[in-house]
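Listed below are the residues making up each chain.
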Amino acid sequence: MSSKASSSRGGESIVADCGRNTSTCGYCKSPTSSSISHGLWTERLTVHDYQALLDRGWRRSGCYLYKPEMAKTCCPSYTIRLRANDFVPSKEQQRVRRRLERFLDGELDLKPREQTEDPDVEVSEPVRKLLGSSKREQNNEVEPILKDLSEQIDNAVQRCIQSGEFPSNIQIPKSSVKKVLSAKRKKLAEGSEELLYTSNIAFPIVATLKQTSQKGEGSNNAEENRLSPETVSEKLLSEIKKVGEFPSLAIKVCKGHINFFSATQVTSSERDQGESLPSATTTTKSSSNNLQVRKKKLEIHLKRSSFDPEEYELYKRYQLRVHNDEPESISKTSYKRFLVDTPLIEVLPSSDGDEVPPCGFGSYHQQYRVDGRLIAVGVIDVLPKCLSSKYLFWDPEFASLSLGNYSALQEIDWVKQNQARCSALEYYYLGYYIHSCNKMRYKAAYRPSELLCPLRFQWVPFEVAKPLLDKKPYSVLSDFTKASLSPAPQASETLVKSTREREDMEMNNSDEDSDSDSGVDGNDIANILISLNGARLRYKDLLRIMNMRVRKQMESMFISYRKVVGAELSERMVYELQ
């Protein structure tokens with residue numbers, strides 16, 4: 001008699017085999033230890049049931065659900081999440097955003113092969129043309145603009161000399177106009193205008209006048225001494241305006257600088273909260289002679305999980321170059337089983353007041369495109385309480401842009417935006433955090449984050465959990481308490497250290513063996529929901545038709561099942577026997 005589990009919520013049943021899996025660990029790759037987990041094979045699963053499973057330490061890989069056996073597995077994996085509205089980006093995370101913005105503006109080339117994160121990445125010639133040549137083109141186009149602006153300022157200086165504003169017997173330096181870097185534009189922007197170019201010519205003019213005055217060469221020293229960079233820049237601006245302004249530039253002075261702003265708004269954001277995560281879209285901007293400075297366009301599209309040949313080709317390149325997988329292991333079948341297949345029953349948005357985001361609930365692929373080229377795909381689940389990040393694969397030629405970090409920031413922003421429509425959707429789940437694996441520690445950089453206690457399923461602030469994990473890979477994180485704990489797993493609360501320390505032996509017990517601490521009576525299996533030959537019934541209803549040998553076998557199986565999924569889910573999901 002084989003076992004399967006199904007969920008009656010959502011109007012349709014699902015099927016699943018429940019079992020325990022032991023395999024070689026993909027993180028430590030230790031020959032002497034193994035990765036041990038529980039498993040459920042599913043065909044259909046409601047988003048509410050999967051949310052509840054996430055909050056008990058489960059994750060999915062395609063239609064297979066797994067939960068590490070924390071006290072026994074070699075690399076204990078803790079579910080990690082953060083409340084999106086509490087997120088505070090670090091300086092490095094802010095630099096990731098700025099780096100990508102500079103790349104889109106054409107001010108940053110991708111690093112060459114020897115500077116990328118992956119030494120095996122080779123940038124093809126077509127990609128070099130798309131990604132590397134734009135900055136050279138932009139520089140070639142901007143140079144005439146800088147020359148024209150400099151000539152206009154020099155002409156204004158000469159007119160000031162002719163009118164007697166400046167002395168004629170001194171050598172005034174030539175003007176220099178420079179392009180303003182994008183990092184400074186936001187700080188200096190005025191309203192919808194963007195600062196493009198600037199000149200500080202007023203400062204060397206004033207310095208020259210003062211030197212001349214000290215040598216006694218000038219005819220009107222008192223007047224020259226009264227000239228400051230502010231007054232000089234105002235005089236030059238007046239002369240420039242007499243000739244005529246540039247049609248697409250606004251010219252202003254500020255603290256002695258002559259600044260050239262765009263006359264129209266040049267940056268736009270196209271954000272569709274329902275069908276895509278926040279997108280960064282850049283447009284073109286005009287110069288004095290209608291010069292078009294080419295910028296790249298980033299588009300982000302959210303689509304239901306389905307097989308896409310273009311995504312599959314990108315996935316193969318990523319696995320080969322970043323993870324050094326063997327080509328034969330990256331089959332279409334394995335890709336679909338891992339990242340396309342999903343048991344989640346999609347929920348569409350409705351107009352009857354239900355709290356559902358505009359895109360609905362379910363499994364999605366988030367595409368990132370630069371000028372139409374697919375550069376990354378994020379595989380995510382949108383659930384009643386969270387956006388759960390499952391996997392990201394990206395073009396190795398874009399490794400220097402840190403697309404993994406950038407996509408995480410975009411997904412956090414998406415949660416913030418969609419809370420207006422779905423107030424319960426407030427968390428961002430980053431998958432598993434493995435303290436003993438250095439490659440996984442980056443997830444704790446998204447702060448303030450919380451880890452799920454593997455025993456009591458309470459959320460513990462990372463700062464509280466870290467000292468415990470520094471001592472040993474597996475720890476009962478909820479050996480910290482506070483005056484009033486809310487019911488797990490809904491609570492997201494700060495826990496303070498208890499004055500009571502658990503004994504090491506008790507601390508190392510698995511959640512499956514510690515019924516009294518977890519609040520689960522493992523022998524109370526009477527109300528487990530079962531499907532047998534199409535009929536729905538509770539386990540207690542089976543006792544009349546089972547002999548003692550089968551009964552003992554079933555009891556052992558159902559006790560284990562109830563402990564790993566919890567009492568509520570065991571009585572709500574249908575455990576199908578065949």
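Above this text you will find the structure in question.
Everything numeric here is computed off the predicted structure, so don't read it as measured data. (Residues numbered from 1 in each chain as written. Predicted model: local features only at pLDDT ≥ 70, side-chain atom pairs only at ≥ 80, totals over all residues. Heavy atoms only, no water.)

**Student:** Sorry if this is basic, but what is going on with the packing of aromatic side chains here?
**Tutor:** Working definition: an aromatic ring pair is given by the centre-to-centre distance plus the angle between the planes. Inspection of the entire model under this criterion finds 19 aromatic pairs. Aromatic pair Y318 and Y391: ring centres 6.3 Å apart, planes at 85°, arrangement edge-to-face. Of this pair, Y318 sits in helix α8 (residues 309-321) while Y391 sits in strand β18 (residues 386-394), placing them 73 residues apart in sequence. Overall, the relative accessible area of 7% leaves Y318 in the buried class. Aromatic side chains F338 and Y391 sit 5.0 Å apart centroid to centroid with 70° between the ring planes, which places their arrangement in the edge-to-face category. One end of the pair, F338, is in helix α9 (residues 332-340); the other, Y391, is in strand β18, and 53 residues separate them in sequence. (Phe/Tyr/Trp six-rings, centres within 6.5 Å; stacked < 30°, edge-to-face > 60°. Helix = DSSP H or I, 4+ residues; strand = E, 2+ residues; numbered from the N terminus. Buried < 20%, exposed > 50% of the residue type's maximum accessible area, 1.4 Å probe, protein only.)

**Student:** I keep staring at the nonpolar core and nothing clicks. Help me out?
**Tutor:** Inside soluble globular proteins, nonpolar side chains tend to come together where they are buried. Counting residues in hydrophobic clusters, the biggest one holds 73 residues, and the most contacted among them are L451, L477, Y539, F558 and V565. Excluding anything up to four places from it in sequence, F558 contacts I525, I528, I530, Y539, Y575 and L577. Grouped together as the second largest cluster of nonpolar side chains are 31 residues, Y315, V377, A399 and L403 included. (Core = buried A, V, L, I, M, F, W, Y, C linked by side-chain atoms within 4.5 Å. Contact = heavy atoms within 4.5 Å.)

**Student:** Could you clarify how one ought to interpret the pattern of salt bridges in this entry?
**Tutor:** Any two side chains of opposite charge can pair, so long as their charged atoms come close to each other. In total, this model carries 26 salt bridges according to the counting rule given. Put simply, R99 and E92 hold a salt bridge, and the shortest N to O gap is 3.7 Å. Owing to a relative accessible area of 21%, R99 belongs among the partly exposed residues under this scheme. The shortest N-O distance in the salt bridge between E313 and K316 comes to 3.2 Å. One end of the pair, E313, and the other, K316, are both in helix α8, three residues apart, so they sit about a helical turn from each other. (Salt bridge = Lys/Arg side-chain N within 4 Å of Asp/Glu carboxyl O.)

**Student:** What's the story with the sheet that holds strand β17 (residues 373-382) in this structure? I'm lost.
**Tutor:** Whenever strands of a sheet pair, they do so through backbone hydrogen bonds, lying parallel or antiparallel. Spatial strand order, β15-β16-β17-β18-β19-β6-β20-β21: eight strands in an open sheet with mixed pairing. Of all strands in the sheet, those bounded by a partner on one side alone are β15 (298-304) and β21 (459-461). If you compare each strand with its neighbour and ignore which way they point, the axes differ by 30° on average. Bridge count between strand β20 (residues 449-452) and β21: three bridges; the pairing is antiparallel. Across the sheet, L451 pairs through a bridge with V460, a residue of β21. Where α8 meets the sheet, it contacts β15, β16 (362-370), β17 and β18, and its direction lies at approximately 70° from that of β18. (Pairing = 2+ DSSP bridges. Axes fitted to C-alpha atoms, helices over the stretch in contact; angles between N-to-C directions.)

**Student:** Help me understand the pairing of strand β8 (residues 195-199), please; the structure alone is not making it clear to me.
**Tutor:** Where burial is concerned, most of β8 is hidden: five out of the five residues are buried. Bridging between strand β7 (residues 177-179) and β8 involves three bridges; their strand directions are antiparallel. Among the inter-strand pairings, V177 is bridged to a residue of β8, identified as S199. Direction of pairing for β8 relative to strand β10 (residues 257-262): antiparallel, over a ladder of four bridges. Pairing of Y197 across the sheet is with F260, part of β10.

**Student:** What is the right way to look at the packing of helix α2 (residues 91-104) against helix α10 (residues 403-418) in this model?
**Tutor:** When two helices pack together, you describe them by how their axes are tilted relative to each other and by the distance separating the axes. α10 packs onto α2 with a crossing angle of 100° between their chain directions and a minimal axis gap of 9 Å. It follows from the interaxial angle that α2 and α10 lie roughly perpendicular. Together, Q93, V96, R97 and L100 of α2 and L403, N405, Y406, L409, Q410 and D413 of α10 make up the contact between the two elements. Its residues placed into classes, the contact of α2 with α10 shows five nonpolar, three polar and two charged. (Parallel < 35°, antiparallel > 145°, perpendicular 65-115°, else oblique. Nonpolar A, V, L, I, M, F, W, Y, C, P; charged D, E, K, R; others polar.)

**Student:** Would you mind going over helix α1 (residues 47-54) with me for this structure?
**Tutor:** For the α-helix, the turn length of 3.6 residues means that residues three or four positions removed from each other point alike. Burial analysis of α1 places six of its eight residues in the buried class, which makes it a mostly covered element. Inspection of α1 places V47, D49, Y50, Q51, L53 and L54 among the buried residues, and these make up the whole buried set.

**Student:** Any chance you could explain the side chain of R572 here in plain terms?
**Tutor:** With respect to the helices and strands, R572 occurs in helix α16 (residues 567-572). Separated by 2.9 Å, the side chains of R572 and E568 make a polar contact. (Polar contact = N/O pair within 3.5 Å; in protein donor to acceptor, adjacent residues only side chain to side chain.)

**Student:** I'm lost on the side chain of S570 in this one. Help?
**Tutor:** Turning to its location among the elements, S570 is positioned in helix α16. Here A567 takes part through its backbone oxygen, which lies 2.8 Å from a polar atom of the side chain of S570. In this structure S570 touches I528, L529, Y561, R562 and V565, once residues within four positions along its chain are discounted.

**Student:** I'm lost on the pairing of strand β9 (residues 249-254) in this one. Help?
**Tutor:** Each regular strand carries side chains that alternate between the two faces of the sheet. Sheet analysis places β9 next to β10, joined by six bridges and oriented antiparallel. Paired with C254 across the bridge in β10 is H257. Linking β9 back to β10 in an antiparallel pair, the connection comprises two residues, with K255 at a positive phi of about 55°.

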